Amino acid sequence: MAVGIVRLDNLLAVVMLSGIYSLISASLFVTMDAVDVAFTEASVGGGIATVLMLATLALTGDTEKPGKGKLQIVPLAAVTITGALLIYGTLDMPSFGDPMAAIHQHVAPRYIEEAPKTTGIPNIVTSVLASYRGYDTMGELAVIFTAGIGVILILGSGRRRDD
Amino acid sequence: MDIPGLFNYWIVIFLMMTGFYVVIARGNLVKKIVGLNIFQTSVFILYISMGKVEDGTAPIVIEGAKGVGAVYSNPLPHVLILTAIVVGIATTALGLALIVRIKEAYGTVEEDDIFAQDEAE
Amino acid sequence: MPMIQRHSILRVTTKLLTPFILMFALYVQFHGDFGPGGGFQAGVIFGAGFILYALIYGIEAAEKVAPPGIIRVVMTLGLLLYIGVGYFGMFLGGAFLDYNVLRQDPVQGQHLGITLVELGVGTTVAATMITIFFSFAGRMRRAGRSG
């Protein structure tokens, strides 16, 4: 799928493929127990991102400049070397699903133990999101808000105006 | 160290490198944004796959069925990625908006053409 | 997008689906405490339902339902609600974003705080998505007019 995105010249097809890619990764998230995340990814990636990309394509034209379809050597080499280094790095990582991995030892058990008791909310993701990590979420919300303001400033408010 | 247990990281790295390649090798700005999205999603998959616990279930406590031995997947990566996705779409929208303005200013969204026009001035 | 007038199947289907999508968004918003869901998802779904309506019926119809100025005010209100809950906790003697003091019972306070904060998240996200879409659509309309 992702390789298809690299190879295609027709940007419309690229955008459609990236929407499908989002949906597939959403189903991947479900199999890995992250239902909240899957929910978000499906609606964001499959829905809004695709619509926005299509709007952009309508404004900029939907074909890439031809003649660049062949693989370029230097970027390919850079990517391969980086990938090889990263794979070397993974050799020390805990294996998939290991309950003794470092990530599960620190704060997560406390969240799982206490979150339902202190907040009275069964969905641990929600309680951690809004309560334990309230500052984080406030920052993220501010980022989204700022991005919205930025788009308004860059593109105009959408109001019909004769300039 | 067992090789099948590391397979998820390798998928992530493959996707990440695909996105990276798109970003550095293709000249079309819209395509670069799509490449960034692929990169981004690979990072999401990395976090979520690290949060998965063997035999675990989604981190929602169900009254009554709450056995002492119930194993939940780590909720912390879910929280981080949940917000990251929405922030990601917001920043993507910002990038696309910039592309639209570049198109209006230069008449093209190909990197080479933009550089050529800058050189010509 | 005046040509869209012809697609009667799309129009009827959208008319049927939009209320359900919006209802589902609200369900996700307020049921996020118990099942999967929460402010972020609800906001995105609400925005998506609205964008669907705008795509099929045209931007003018959508702007009549939700004027861009009001949407922008709502966008700020969501963030203000979030921060306001934080400061309210401070006024009641707790720390910033401390929900325990909102009610006599800390657990209920937490519950109330989380619900309010998620509401703030939901409104801001939904309004931001709609605003971004309106901006793009406005550009498209202007580009279409000038040539």
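Residues numbered from 1 in each chain as written. Chains lettered and ligands numbered in written order. Predicted model: local features only at pLDDT ≥ 70, side-chain atom pairs only at ≥ 80, totals over all residues. Heavy atoms only, no water.

Teacher, can you tell me more about the overall build of chain A here?
The helix and strand inventory of chain A stands at 7 helices and 0 strands. Scanning chain A from its N terminus toward the C terminus, one meets helices and strands in the order α-α-α-α-α-α-α. Counting over 163 residues, chain A shows a buried share of 47%. In chain A, the share of contacts with a sequence separation of at least 24, taken over all contacts with a separation of at least 6, comes to 41%. Taken as a whole, chain A presents about 7,500 Å² of accessible surface, with 68% of it coming from carbon and sulfur. (Helix = DSSP H or I, 4+ residues; strand = E, 2+ residues; numbered from the N terminus. Buried < 20%, exposed > 50% of the residue type's maximum accessible area, 1.4 Å probe, protein only. Contact = heavy atoms within 4.5 Å. Areas by Shrake-Rupley, 256 points an atom, 1.4 Å probe, with all protein chains shown as cover.)

I keep staring at the interface of chain B and chain C and nothing clicks. Help me out?
Each partner contributes residues to the interface: chain B has 11 residues there, and chain C has 11 residues. Counting across the chain B and chain C interface gives 0 salt bridges. At the junction of chain B with chain C, the criterion picks out 0 residue pairs in polar contact (both at pLDDT 80 or more). Taken together, the residues of the side of chain B that touches chain C sort by class into 8 nonpolar, 1 polar and 2 charged. (Salt bridge = Lys/Arg side-chain N within 4 Å of Asp/Glu carboxyl O. Polar contact = N/O pair within 3.5 Å; in protein donor to acceptor, adjacent residues only side chain to side chain. Nonpolar A, V, L, I, M, F, W, Y, C, P; charged D, E, K, R; others polar.)

How should I be thinking about the packing of helix H3 (residues 35-60) of chain A against helix H2 (residues 29-51) of chain B in this particular structure?
For any two helices packed against each other, one specifies the inter-axial angle together with the distance between the axes. At a minimum axis distance of 12 Å, the contact between H3(A) and H2(B) shows a crossing angle of 175 degrees. One way to sum up the angle between H3(A) and H2(B) is to call them roughly antiparallel. Note on element contacts: H2(B) touches H3(A) through B:Val30, B:Ile33, B:Val34, B:Asn37, B:Thr41, B:Phe44 and B:Ile48, opposite A:Val37, A:Glu41, A:Met53, A:Thr56, A:Leu57 and A:Thr60. When grouped by side-chain class, the residues that make up the contact of H3(A) with H2(B) number 8 nonpolar, 4 polar and 1 charged. (Axes fitted to C-alpha atoms, helices over the stretch in contact; angles between N-to-C directions. Parallel < 35°, antiparallel > 145°, perpendicular 65-115°, else oblique.)

I keep staring at the nonpolar core and nothing clicks. Help me out?
Within soluble globular proteins, side chains that are nonpolar generally end up buried alongside one another. By size, the foremost hydrophobic cluster in this structure holds 92 residues, and its most contacted members are A:Phe29, A:Leu52, B:Val86, B:Ile89, C:Val125 and C:Phe136. The residues that make up this core include at least three from each of domain 1 (1-66) and domain 2 (108-163) of chain A. Discounting residues that sit within four places of it in the chain, B:Val86 has contacts with A:Thr40, A:Ile144, C:Phe40, C:Val44, C:Val125 and C:Met129. (Core = buried A, V, L, I, M, F, W, Y, C linked by side-chain atoms within 4.5 Å. Domains from an automatic or database assignment.)

I tried to follow empty space enclosed by the protein on my own but got confused; where do I start?
In this approach the atoms are scanned with a rolling probe the size of a water molecule, which exposes any empty space left behind. As enumerated under the stated definition, the model contains 5 cavities of 30 Å³ or more in all. Lining the largest cavity are 19 residues, with A:Ser22, A:Glu41, A:Gly45, A:Ala49 and B:Asn37 positioned closest to its centre. Counting residues per element, the ones that place at least two in the lining of the largest cavity are helix H2 (11-31) and H3 of chain A together with H2 and helix H3 (75-106) of chain B. The biggest single contributor to the lining of the largest cavity is H3(A), with 6 residues. Of the residues assigned to the lining of the largest cavity, the class counts are 8 nonpolar, 10 polar and 1 charged. (1 Å grid on protein atoms, 1.4 Å probe; cavity = no way out; pocket = protein on both sides within 12 Å on 5 of 7 lines; lining within 4 Å. Points joined across faces, edges and corners; volume = space filled by probe spheres on them.)

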